[in-house]
Amino acid sequence: MPEITLQPISVMTDGGGHEGHLVLAAGHLVAVLSRVTAEETLGEREQIEGWFLEAGFGPCGPLMSVTPPVFTDLDQALAWIRTRLEAGLDPS
Amino acid sequence: MTCMTNPLILKLEQRDQLSDAEKRALENAISRVRVVEADEDIVREGDRPNESSLLLDGFAARYKLVSNGRRQISALHVPGDFLDLHSFLLKTMDHGVLALTTCRIAAVPHATLEKITDEFPHLTRMLWLNTLIDGAIHREWLTAMGRLSATAHMAHLICELYLRLKVVGRAEGDTVQLPITQAELGDTLGLSTVHVNRVLQELRKEGLIRFQGDSLTILDWERLKKVGEFTSTYLSLQNEHR
């Protein structure tokens, strides 16, 4: 499994900068996560604040995966990314 | 809000005149009326109904499930819509229809539909028109889903729902009741709830719409249409001989 690293970055959403992370696998960009409030997840089964997959690339991107629900914390987001890196074409 | 006139008659009369005999035939076609609560299935995938369901009040959705409980809503239905007129000829349902709110449903037996097609050629064409409009809406949705931005797609859907509700007497001025959750909008547009929130926020911020509870007001129709690249041709709203 490649080494996963996080780089803090401000992401432009809703007209302003929001806390976010670039996620790199072995130095390659695989995902951009941004912090969302509970208000922004209104209508999900559980309304939570957390981390949203703003953009994904390769196995985490729209060509090979579908947008996952909001993650409660970064660990959960990274677990999803690791699963995607291993899963290839299998849906998850 | 309950309309005294059968909303299907309102919907069809928007497009062409109906004779008194045709209207009577439609009224008499209803064998019973039932109430289906929100989140319950009206018709299930795989069912072989012997009657078609006409929505009198409420909102309903045609849907299909994919893996992990994910769902795509392929059509939203408002009063006056036949939820499964096609089951008369297609027989086996290839998708389900779900009540999004409490729905009042009129059952029209397939045997009665067959009788209408035998005895009322113009009314038969109007029911054909009804399914053709369903098909036109599907084409429009597919185009919007594939080629519009999420914000434009939402604007397009709002324009369409407003007009469809207005035709059946469910609009008060620029306001309609739209008791559809953001999760359901997400399943309709193929968007995450985060994105649904953002695009609605964008349309509100731009002064195009206002939501107060379930009440949706169009503040700037012309700009909303422009943003959604919306033209109503596909809804066949002109009253002409068909």
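Reading the values: rules and limits
Residues numbered from 1 in each chain as written. Chains lettered and ligands numbered in written order. Predicted model: local features only at pLDDT ≥ 70, side-chain atom pairs only at ≥ 80, totals over all residues. Heavy atoms only, no water. 1 Å grid on protein atoms, 1.4 Å probe; cavity = no way out; pocket = protein on both sides within 12 Å on 5 of 7 lines; lining within 4 Å. Points joined across faces, edges and corners; volume = space filled by probe spheres on them. Helix = DSSP H or I, 4+ residues; strand = E, 2+ residues; numbered from the N terminus. Contact = heavy atoms within 4.5 Å. Buried area = accessible area lost by both parts, 1.4 Å probe. Salt bridge = Lys/Arg side-chain N within 4 Å of Asp/Glu carboxyl O. Polar contact = N/O pair within 3.5 Å; in protein donor to acceptor, adjacent residues only side chain to side chain. Buried < 20%, exposed > 50% of the residue type's maximum accessible area, 1.4 Å probe, protein only. Pairing = 2+ DSSP bridges.

Visitor: Is there a simple way to explain empty space enclosed by the protein in this structure?
Guide: One way to see where empty space is left: roll a probe the size of a water molecule over the atoms. Residue and element names in this part refer to chain B. Inspection of the entire model under this criterion finds five cavities of 30 Å³ or more. In this structure, the largest cavity spans a volume of roughly 100 Å³. What lines the largest cavity is a set of 13 residues, and nearest its centre among them are Lys-11, Arg-15, Val-78, Asp-81 and Arg-164. If you list the elements that add at least two residues to the lining of the largest cavity, you get α5 (121-147) and α6 (150-167).

Visitor: How should the interface of chain A and chain B be read in this particular structure?
Guide: The figure often quoted for interface size is the accessible area lost as the parts come together. Each side of the interface is counted separately: chain A has 18 residues, and chain B has 13 residues. Contact between chain A and chain B buries roughly 1,100 Å² in total, counting both sides, with carbon and sulfur atoms accounting for 50%. It is Asp14(A), Glu40(A) and Phe52(A) that lose the most area in chain A upon contact with chain B, and together they represent 35% of the buried surface on that side. Where chain A packs against chain B, one counts one salt bridge. With its nearest N and O atoms 2.6 Å apart, the salt bridge here joins Arg198(B) to Glu54(A). Taken together, chain A and chain B are joined by one residue pair in polar contact (both at pLDDT 80 or more). Among the elements of the structure, β3 (28-36) and β4 (50-56) of chain A are those that each provide at least two residues to the side of chain A that touches chain B.

Visitor: Would you mind going over the pairing of strand β3 (residues 51-57) of chain B with me for this structure?
Guide: The side chains of a regular strand alternate between both faces of the sheet. Residues and elements named next belong to chain B. Of all the seven residues making up β3, seven are buried; the element is thus mostly covered by neighbouring parts of the structure. By the bridge criterion, six bridges tie β3 to strand β7 (residues 103-109) in an arrangement that is antiparallel. The residue bridging Asp-57 from the neighbouring strand is Arg-104, located in β7.

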